[in-house]
Amino acid sequence: MHMVLGILGSGSGSNMQAILDAIDSGTLNARISIVLSDCPDALILERARKRGIETGVIDCSGFRNKFPDEAQRETAQRLLAAGVEVVCLAGFLRLVKRPLLDFFPNKILNIHPSLLPAFPGLEAWKQALDAGVTEAGCTVHFVDEGMDTGPILLQESLPILAGETADSLHARIQCIERRIYPDALRKLLRENLSAH
Ligand code: GAR
C-alpha cells in the first residue's frame with residue numbers, strides 16, 4: 001500500500017526531511033504531495049520547493065496563535081485537492097481542531113517532544129527539565145480536539161543526563177524524532193494493510 005502525505009509545519013522542517021529521506025531510501029512507501037505552512041518564510045517551505053513539492057501558505061493573519069476556522073477549511077481543501085490521505089503535523093505550532101479534523105478523521109498525526117501524556121504544549125523539553133524528571137522523549141500520536149492528547153502511535157524515551165541543558169536535551173530528542181516519525185508511518189501502513 002502507498003500513502004499520500006500532506007505536511008503542515010511552521011519551522012525548519014527537519015521532521016519532514018526525515019520523512020522524505022525515508023521515502024527516498026525506499027524504506028517508506030509514501031509520497032509527500034503538498035507542504036503547507038502558516039509562516040511564509042519557514043525553512044520547511046524552502047526545503048519542499050527545492051524538492052519540487054507543491055507548497056502553500058496558510059493565511060492566519062490577524063491571529064497570533066489561533067488556527068481560524070476559515071483557514072482550516074482552506075487547508076482541508078488544499079490537502080484534499082492534492083490527494084492527501086494522511087496529514088502529518090511536523091512542528092506545526094497552531095492547534096488543529098474542527099473543522100480540519102472532520103475532513104481527516106483519525107488521519108492526522110503529530111510529533112511532540114515529550115513522553116505524552118506528560119508535558120503537552122510548547123517547549124515540552126523545557127517543561128521536563130523544569131519538572132526534574134529523569135526521562136524525556138517524544139511521541140507520535142493521532143490528533144484529536146485536545147492539546148497533544150490523541151491516541152499514541154509510537155513513543156520513545158531517553159534519559160536526562162547530568163548537566164543537561166534545554167538545548168542539549170532538545171537536540172537529543174530531535175534525533176529520535178527523525179527516526180520515529182518515519183517508523184510511525186511504517187507502523188500505520190502495516191496496521192492499515194492488516195485491517196484490509
Ligand atoms: C520538533 O522538535 C517538534 O517536536 C516540535 O517542533 C519541532 C519542529 O522541528 N513540535 C512541537 O513542539 C509541537 N507541540 P522541525 O520543523 O525541524 O521538524
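Quantities reported herein were computed from a predicted structural model and do not represent experimental measurements.

(A) Main features of unusual backbone geometry. Cis geometry marks the peptide bond from Arg 98 to Pro 99, where omega comes out at 10°. By the element assignment, Pro 99 lies in the loop between strand E4 (86–89) and helix H4 (100–103). One non-glycine residue with positive phi stands out, namely Asp 148, at about 60°. In this fold, Asp 148 is placed in the loop between strand E6 (135–142) and strand E7 (152–159). Overall, the relative accessible area of 15% leaves Asp 148 in the buried class.

(B) Examining the environment of Arg 49 more closely. Within the secondary structure layout, Arg 49 lies in helix H2 (residues 43–50). Exposure remark for Arg 49: the relative accessible area of 46% places this residue in the partly exposed category. In this structure the C-alpha to C-alpha distance between Arg 49 and Glu 135, which are 86 residues apart in sequence, comes to 37 Å. Residue contacts for Arg 49: discarding those within four places in its chain leaves Pro 40 and Thr 55.

(C) Quick peek at the side chain of Ser 37. For Ser 37, the position within the fold is in strand E2 (residues 30–37). Here Gly 9 takes part through its backbone oxygen, which lies 2.7 Å from a polar atom of the side chain of Ser 37.

(D) Representation of helix H1 (residues 14–24) in the model. Of all eleven residues making up H1, eight are buried, and the element is well covered by its neighbours. Those residues of H1 that fall on the buried side of the exposure criterion are Ser 14, Asn 15, Met 16, Ala 18, Ile 19, Leu 20, Ala 22 and Ile 23. Phi turns positive, to about 80°, at Gly 26, one or two residues after H1.

(E) Quick peek at the sheet that holds E6. Read from one edge of the open sheet, seven strands run E3-E2-E1-E4-E5-E6-E7, paired in mixed fashion. Each edge of the sheet is formed by a strand with only one pairing partner; in this case those strands are strand E3 (54–57) and E7. Between one strand and the next, the sheet's axes are offset by a mean angle of 20°, whatever the strand orientation. By the bridge criterion, six bridges tie strand E1 (residues 3–8) to E2 in an arrangement that is parallel. Looking at E2, one finds that Ile 7 is bridged to Val 35. Taken strand by strand, H1 contacts E1, E2, E4 and strand E5 (108–112), and its axis lies near 160° from that of E2.

(F) Representation of the side chain of His 112 in the model. Along the chain, His 112 turns up in strand E5. What His 112 contacts, discounting residues up to four positions off in sequence, is Phe 119, Pro 120, Gly 121, Ala 124, Gly 137, Cys 138, Thr 139, His 141, Asp 148 and Glu 177.

Cut-offs used in this document
Residues numbered from 1 in each chain as written. Predicted model: local features only at pLDDT ≥ 70, side-chain atom pairs only at ≥ 80, totals over all residues. Heavy atoms only, no water. Helix = DSSP H or I, 4+ residues; strand = E, 2+ residues; numbered from the N terminus. Buried < 20%, exposed > 50% of the residue type's maximum accessible area, 1.4 Å probe, protein only. Contact = heavy atoms within 4.5 Å. Polar contact = N/O pair within 3.5 Å; in protein donor to acceptor, adjacent residues only side chain to side chain. Pairing = 2+ DSSP bridges. Axes fitted to C-alpha atoms, helices over the stretch in contact; angles between N-to-C directions.

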